[in-house]
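# Per-entry structural report
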Amino acid sequence: MEVYLPTELGVLVLGAVLLLVHILLTGQFKTQQYGLDWNAGPRDGPMPPLNAVAGRLERAQLNFQETFPVAIVALIGVVLAGKTGPVTAIAGWIWLGARVAYLPLYWAGVPYVRSLAWAVATLALVVLLGVLLFS
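In short, a report on the structure. (Residues numbered from 1 in each chain as written. Predicted model: local features only at pLDDT ≥ 70, side-chain atom pairs only at ≥ 80, totals over all residues. Heavy atoms only, no water.)

## So, the overall build of the protein
For clarity, the threshold we go by: By the criteria applied, helices consist of DSSP H or I runs no shorter than four residues and strands consist of E runs no shorter than two, each listed in order from the N terminus. Type-normalised accessible area, obtained with a 1.4 Å probe on protein chains alone, sets the label of each residue: buried when under 20%, exposed when over 50%, and partly exposed for intermediate values. Contacts are assigned to residue pairs with any non-hydrogen atoms lying within 4.5 Å of each other. Shrake-Rupley sampling with a 1.4 Å probe provides the accessible areas, and residues are treated as covered by the protein chains on show and by no other component.
The secondary structure content of the protein amounts to five helices and zero strands. Going residue by residue from the N terminus, the α and β elements of the protein occur as α-α-α-α-α. With 135 residues in all, the protein has 36% of them scored as buried. Long-range contacts, defined here as pairs at least 24 residues apart, represent 77% of the contacts in the protein between residues at least 6 apart. Only carbon and sulfur atoms are counted for the fraction: they give 71% of the accessible area of the protein, which is about 7800 Å².

Right, dumping it as structure tokens:
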């Protein structure tokens, strides 16, 4: 039996994969800095500040976690409301592509272009929400 997966839900699944990438990368770099005992332990004590790369990865992850719920609502919303189409599919792919670009840009400490990627992703979410609310 063949099951149809709307583009918007496929994009959402890939967004969840991207969240896992964020979590694993951040965890790897934090473990490199703090050690395996920290990773396996209760993490009760104060820790020194993260180094530059681990700090950037953590901030990129937190930023993604702040906006991912909006993407979930927008992408599932257009599917449930029966408002999918070329505009929502393109907006979904633009959101995902910009979020994928955002991670290495933040990781490398690239200013301005990183902010542009964030703005493009956010604009794509606004388009999705606009279709959900006004079409």
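## Notes on helix 4 (residues 86–107)
Spelled out, the test is: One fewer than the residue count of a helix, multiplied by 1.5 Å, yields its expected span.
The end-to-end C-alpha distance of helix 4 is 32 Å, a good match for the 32 Å that 22 residues give at a rise of 1.5 Å each. All of the buried residues in helix 4 are Thr88, Ala89, Ala91, Gly92, Trp95, Leu96, Ala98, Arg99, Tyr102, Leu103, Leu105 and Tyr106. Residues of helix 4 that are buried in the fold lie against helix 1 (7–34), helix 3 (52–80) and helix 5 (113–134). Of the residues trailing helix 4, glycine 109 is marked for its positive phi of about 75°.

## Some points on unusual backbone geometry
For arginine 43, which is not glycine, the phi torsion reads 60° and is therefore positive. Take arginine 43: its relative accessible area is 45%, and that puts it in the partly exposed class. Notably, tyrosine 112 is not glycine yet its phi reads approximately 65°, a positive angle. As for its placement among the helices and strands, tyrosine 112 is situated in the loop between helix 4 and helix 5.

## Observations regarding the packing of aromatic side chains
Within a pair of aromatic rings, the relevant descriptors are the distance that separates the centres and the angle that separates the planes. How we decide: Aromatic pairing here means that ring centres of Phe, Tyr or Trp (its six-membered ring) are within 6.5 Å. Orientation follows from the plane angle: under 30 degrees is stacked, over 60 is edge-to-face, and everything else is tilted.
Across all of its chains, the model carries six aromatic pairs by this definition. Between phenylalanine 64 and tryptophan 95, the ring centres sit 6.2 Å apart and the planes meet at 25°, which makes this aromatic pair stacked. Of this pair, phenylalanine 64 sits in helix 3 while tryptophan 95 sits in helix 4, and the two are 31 residues apart along the sequence. Taking the relative accessible area as the measure of exposure, tryptophan 95 reaches 0% and is therefore buried. Three or more aromatic residues joined by ring pairs form one cluster here, namely Phe64, Phe68 and Trp95.

## Side note on the packing of helix 4 against helix 5
For any two helices packed against each other, one specifies the crossing angle of their axes together with the interaxial distance. How we decide: Note on geometry: axes are lines fitted to C-alpha atoms, helical ones only across the stretch in contact, with angles between N-to-C directions running from 0 to 180 degrees. Oblique is the label for any angle not covered by the other classes, which are roughly parallel (under 35 degrees), roughly antiparallel (over 145) and roughly perpendicular (65 to 115). In this scheme, a crossing is called left-handed if the near helix is turned counterclockwise away from the far one by less than a right angle; it is called right-handed if the turn is clockwise. Note on residue classes: Ala, Val, Leu, Ile, Met, Phe, Trp, Tyr, Cys and Pro are nonpolar, Asp, Glu, Lys and Arg are charged, and everything else, Gly too, is polar.
Put simply, helix 4 and helix 5 touch, their axes get as near as 8 Å, and they point 155° apart. Put simply, helix 4 runs roughly antiparallel to helix 5. Here the hand of the crossing between helix 4 and helix 5 comes out left-handed. On helix 5, the residues touching Val87, Thr88, Ala91, Gly92, Ile94, Trp95, Ala98, Arg99, Tyr102, Leu105 and Tyr106 of helix 4 are Val113, Arg114, Ala117, Trp118, Val120, Ala121, Ala124, Leu125, Val127, Leu128 and Val131. Considered class by class, the residues forming the contact of helix 4 with helix 5 number 18 nonpolar, two polar and two charged.

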